[in-house]
Amino acid sequence: MGSHDHLFKVLIVGDGHVGKTSLVHRYVEERFCKSYKSTVGVDFALKVLPWSNTETVRLQLWDIAGQERFTSMTRIYYKEASGCVLMFDVTDPSSFRNCHRWKEDLDSKVRLAGGSPVPCILLANKCDLSPWQVSRESVEAFSESNGFVAWIETSVKENKNISESMRMLVEKMMASR
Ligand code: GDP
Ligand code: MG
């Protein structure tokens with residue numbers, strides 16, 4: 001009695017090589033691999049997150065593979081998404097510049113039932129590497145003016161801020177239902 005499951009479709013987007021597949025593997029399987037084959041299509045993974053005594057959150061993670069160069073995905077991919085993770089690589093300025101296109105593409109193709117944008121978190125990944133080629137001020141300004149839930153520096157490699165950022169996104173998705 002009284003137990004609830006919440007299923008959310010979460011999109012993982014961003015340029016190629018920023019760490020999307022690594023993030024999914026780290027978060028779901030708690031491990032990190034040095035290289036992944038980039039296949040063409042979409043990979044799915046399920047993360048089950050005990051949320052409270054009576055609630056379980058199930059995240060269906062959609063990882064695009066080999067289509068990042070289009071910086072635009074089909075509507076099918078976006079359909080009924082509840083949340084989004086947009087990633088860039090702090091040592092790759094073009095992956096940061098492309099974030100505005102990813103966010104525009106997302107907002108133009110999917111909305112919540114009430115019409116507001118889907119909650120999206122911005123991850124500044126590979127923060128274990130230096131020097132950063134993107135300033136924190138410009139990330140802050142971009143996040144602020146584009147309606148992100150938050151921006152967070154992460155290292156999938158060192159497992160820094162991964163579960164924390166996913167938790168922030170889940171909190172926002174739970175509140176937006
Ligand atoms: P995708 O193309 O966005 O799916 O990126 P991948 O997950 O395939 O990662 C691309 C490369 O970046 C791989 O060699 C990963 O091992 C590496 N990588 C991913 N995350 C990190 C990180 O936080 N720090 C560092 N140093 N390397 C990372
Ligand atoms: Mg990948």
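The coordinates are above.
A.B. asks: Sorry, what's going on with the overall build of the protein chain here?
C.D. replies: From N to C terminus, the protein chain includes six helices and six strands. Going residue by residue from the N terminus, the α and β elements of the protein chain occur as β-α-β-β-α-β-α-α-β-α-β-α. The C-alpha radius of gyration computed for the protein chain amounts to 15 Å, which stays within 12% of the reference 16 Å derived for 177 residues, consistent with globular compactness. Counting every position in the protein chain, which comprises 177 residues, the buried fraction comes to 50%. Summarising the internal contacts of the protein chain: among those between residues at least 6 apart in sequence, 73% fall at separations of at least 24. For the protein chain, the accessible surface area stands at approximately 9200 Å², while carbon and sulfur atoms represent 49% of it. Between the averaged position of the 23 positive side-chain charges in the protein chain and that of its 22 negative side-chain charges there is a distance of 4 Å.

A.B. asks: I would appreciate a short explanation of the sheet that holds strand β1 (residues 4-13) in the present structure.
C.D. replies: Adjacent strands of a sheet pair through backbone hydrogen bonds, lying either parallel or antiparallel. Judged by pairing direction, the sheet is mixed, and its six strands sit side by side in the order β2-β3-β1-β4-β5-β6 without closing on themselves. With one partner strand each, in any of the chains shown, β2 (41-50) and β6 (151-153) form the two edges of the open sheet. Here the average twist between neighbouring strands, direction ignored, is 25°. Relative to strand β3 (residues 55-65), β2 runs antiparallel, the two sharing ten bridges. Note on β3: the bridge partner recorded for A45 is L61. Packed on one face of the sheet, helix α4 (residues 99-109) meets β1, β3, β4 (83-89) and β5 (120-125) and runs near 165° to β4.

A.B. asks: Just to check I follow, could you spell out helix α5 (residues 136-145) for this structure?
C.D. replies: Each turn of an α-helix holds 3.6 residues, which means side chains three or four residues apart point in the same direction. Within the sequence span of α5, burial applies to V139, F142 and S143. In a view along the axis of α5, the buried residues occupy a sector of 95°, so they form one face of it. Projecting away from the buried face of α5 at angles above 90 degrees are the exposed residues E137, E144 and S145. In this fold, the buried residues of α5 make contact with β4, α3 (93-97), α4, β5 and β6.

A.B. asks: What am I meant to see in the packing of helix α1 (residues 20-29) against helix α6 (residues 162-176) here?
C.D. replies: Helix-helix packing is described using two parameters, namely the angle between the two axes and the distance between the axes. In the contact formed by α1 and α6, the axes pass within 10 Å of each other and the chain directions differ by 90°. Comparing the axis directions of α1 and α6 gives the class roughly perpendicular. Where α1 approaches α6, its residues L23, R26 and Y27 are matched on the opposing element by I162, S163 and M166.

A.B. asks: Teacher, can you tell me more about the packing of aromatic side chains here?
C.D. replies: How two aromatic rings sit relative to each other is set out by the distance from centre to centre and by the angle between their planes. Counted under the stated rule, the structure contains six aromatic pairs. Look at Y77 and Y78: their rings are 5.4 Å apart centre to centre, the planes differ by 75°, and that puts the pair in the edge-to-face class. Each member of the pair, Y77 together with Y78, is buried. Ring pairs connect the aromatic residues F44, W62, Y77 and Y78, which therefore count as one cluster. Its end group placed over the ring of Y27, K47 keeps NZ or CZ at 4.6 Å from the ring centre. The positively charged end of K103 is found above the aromatic ring belonging to F148, 5.3 Å away from the centroid.

Conventions and cut-offs
Residues numbered from 1 in each chain as written. Chains lettered and ligands numbered in written order. Predicted model: local features only at pLDDT ≥ 70, side-chain atom pairs only at ≥ 80, totals over all residues. Heavy atoms only, no water. Helix = DSSP H or I, 4+ residues; strand = E, 2+ residues; numbered from the N terminus. Rg over C-alpha atoms; globule rule 2.2 N^0.38 Å. Buried < 20%, exposed > 50% of the residue type's maximum accessible area, 1.4 Å probe, protein only. Contact = heavy atoms within 4.5 Å. Areas by Shrake-Rupley, 256 points an atom, 1.4 Å probe, with all protein chains shown as cover. Lys, Arg positive; Asp, Glu negative; His and termini not counted. Charge placed at Lys NZ, Arg CZ, Asp CG, Glu CD. Pairing = 2+ DSSP bridges. Axes fitted to C-alpha atoms, helices over the stretch in contact; angles between N-to-C directions. Arc of directions from axis to C-beta. Parallel < 35°, antiparallel > 145°, perpendicular 65-115°, else oblique. Phe/Tyr/Trp six-rings, centres within 6.5 Å; stacked < 30°, edge-to-face > 60°. Lys NZ or Arg CZ within 6 Å of the ring centre and 35° of its normal.

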